[in-house]
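# Analysis of the macromolecular model
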Amino acid sequence: MPIEPGVVEVEFNGIGVGRGVAIGPVAWMSPPPPEPSTAASGRGPELELERAQTAAAEVARELRRRAASVEGAAAEVLEAQALMLEDPAVHASVGEHVARGATAERAVFEAFAGYRELLTGMGGYLAERAADLADVSQRVIAELSGAPAPGVPDPGHPFVLVAHDLAPADTATLDLDRVLAVVTLEGGPTSHTAILAREKALVAIVGADASALMEGETVIVDAENGRIVRDPSDDEIAAAVARQEELAAEATAPIEPGRLADGTPVPLLANLGDPAGAEEAVRLGAEGVGLFRTEFLFLGSEVAPSRAVQEEAYERLLAAFPDRKVVVRVLDAGADKPLAFLGGRHEENPALGMRGIRALRRTEPVLRDQLDALAAAAARTHARLEVMAPMIATVEEAAWFAEIAHGAGLPVAGVMVEVPAAALLADRLLAAVEFASIGTNDLTQYTMAADRLLGEVAELQDPWHPAVLGLVGAVGAAGAQLGKPVGICGEAAADPLLAVVLVGLGATSLSMSPSALAGVRAGLLRHSAADARAIAEAALAADGSASARSAAKAASDARR
Ligand code: PEP
Ligand code: MG
């Protein structure tokens, strides 16, 4: 909304990551170095090339030094950035620019700009990785010109970091004792900033309209509501502190199996993409795994992973959950998660193309290999392995998958309900398999016809929409009728109030990022099964996402 001259904005909005609240003074990220001049070099190509190479090597060394001091996704991001600096295509491009007379600074700028354009043009997940390249390029240019590396400021006290688009290298290594929250002007819910913030349980808002924030001013960052409140009143600060205390109490509450207030069990499971996350999930009380995204293990692979490599990864995962349910999803390639070995070709509408089960049917030996590897890993461990197929749209696909899974010695095979057609025929789909798990991320994308990667339609990408809830209810009813479990494994399950609604609509288990378990556990304990049904009815009767949310909130408050 355009702001009238003289009117000071008191609140900014963006997409919240998680549910945290932080209060503190703003500190802006150090600015990137200015764009290098196009004037010809006076040093000659050889010297310029050597300068560029030395600076690139130094920045790669620094990124690796930082990678060694962190773990998990953070280390991977930094290592990936160091690798970008060693990419022969980038080096060749720098060589071409200096040969034409450019300075090392300008040549690095041009080479990375070309690379970025390529990624941006590819759209989706790859376009979001373009920020990684800009950061690498700026670091090398700063190194070359003797400027301080662009990056996180050090005002000498804890602060709310505000950045145009926070580089993954900086997000990965943020000092959580000093950084109270992160606000970025750019970025969508799948940007690296959001991914890493979620992993670090950091209060964050991305894609915020907050360029008017001033250095040093106090703000409240309320991720749950996607709000940044400027110059808060005493009452607003008191409310934020009370909310922080509530969340802290939730996080330290005893870890018990998920259940409603009347004792109805609702198993709380973890979404994982790497066996390395299993230990933390168990520590946070995951009662098993509701979604293991196997494609995350092989995103960079040109060739299909060997049986041995797969068995080792699956065994590590299953060994962490003895006697627990572990639902492994077979490779879900396509759209933002292309897998070269499943034959990703260019498509005009990749979200509607050869994704998920469709890609696996085209390359059936890859699926059979994966199921065999899973069966072998299960035989060596004591977890209760279940397998499920992504992006099922027809009963025939469901039956095809179940037959192959059963044939591989895996008796419990299910389907993900992510396509409205699958939800509408849930009774017939469920008759062909042992269970269903609703992927609300894609189900919302396809119900609302809103690309889940596109910031501009993020408002439509809301699982609270009654149309989405209606489809969830249809699957829940089919599960109850056939006596088959219906889990939820999309991000919707991580919202404590929506979790109650989903249970009221018939979900029998909920799976989420481990950091969300405590909040959902506490949310479920506030209501009985009858309450959950009534709250779900209130949301279903609304005419949009916002009104569904407030109707559920009012119904929940009335029952506490
Ligand atoms: C979903 O679509 O909700 C889901 C859980 O799968 P993914 O997010 O991996 O597409
Ligand atoms: Mg999905």
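Residues numbered from 1 in each chain as written. Chains lettered and ligands numbered in written order. Predicted model: local features only at pLDDT ≥ 70, side-chain atom pairs only at ≥ 80, totals over all residues. Heavy atoms only, no water.

### Points about the domain arrangement of the protein
For the protein, the assigned domains read domain 1 (11-30 + 151-248), domain 2 (45-145) and domain 3 (262-558). Each of domain 1 and domain 3 was reduced to a C-alpha centroid, and the two centroids are 30 Å apart. On the domain 3 side, the residues contacting the five residues of domain 1 number nine residues. Taken together, both faces of the contact between domain 1 and domain 3 bury some 510 Å²; the carbon and sulfur share is 61%. Counting across the interface, domain 1 meets domain 3 through zero salt bridges. (Domains from an automatic or database assignment. Contact = heavy atoms within 4.5 Å. Buried area = accessible area lost by both parts, 1.4 Å probe. Salt bridge = Lys/Arg side-chain N within 4 Å of Asp/Glu carboxyl O.)

### Some details on the coordination of the magnesium ion (ligand 2)
Coordination of the magnesium ion (ligand 2) by the protein involves Glu418 (OE) and Asp442 (OD), with metal-donor separations of 2.0 Å. Of the two residues, glutamate 418 is situated in the loop between strand 13 (413-417) and helix 15 (420-424) and aspartate 442 in helix 17 (residues 440-448); the sequence distance between them amounts to 24 residues. When its relative accessible area of 2% is taken as the criterion, aspartate 442 is described as buried. (Donors = N, O, S within 2.8 Å, 3.2 Å for Na, K, Ca; no water. Helix = DSSP H or I, 4+ residues; strand = E, 2+ residues; numbered from the N terminus. Buried < 20%, exposed > 50% of the residue type's maximum accessible area, 1.4 Å probe, protein only.)

### So, empty space enclosed by the protein
Taken as a whole and assessed by the stated rule, the structure comprises two cavities of 30 Å³ or more. Counted as a void, the largest cavity has a volume near 90 Å³. Lining the largest cavity, in full, are Leu49, Ala52, Gln53, Ala56, Leu85, Val90, His91, Val94, Val108, Phe112 and Val140. For the lining of the largest cavity, the secondary-structure elements that each account for two or more residues are helix 1 (45-68), helix 3 (88-99) and helix 4 (104-122). Top element by residues in the lining of the largest cavity is helix 1. It accounts for four residues. Here the residues of the lining of the largest cavity are counted per class, giving nine nonpolar, two polar and no charged. Roughly 80 Å³ of internal volume is contained in the second largest cavity. In terms of lining, the second largest cavity is formed by 13 residues, of which the most central are Lys325, Val327, Ser437, Gly487 and Ser509. Contributions of two or more residues to the lining of the second largest cavity are made by strand 11 (325-329), strand 14 (435-438), strand 15 (486-488) and strand 16 (509-512). (1 Å grid on protein atoms, 1.4 Å probe; cavity = no way out; pocket = protein on both sides within 12 Å on 5 of 7 lines; lining within 4 Å. Points joined across faces, edges and corners; volume = space filled by probe spheres on them. Nonpolar A, V, L, I, M, F, W, Y, C, P; charged D, E, K, R; others polar.)

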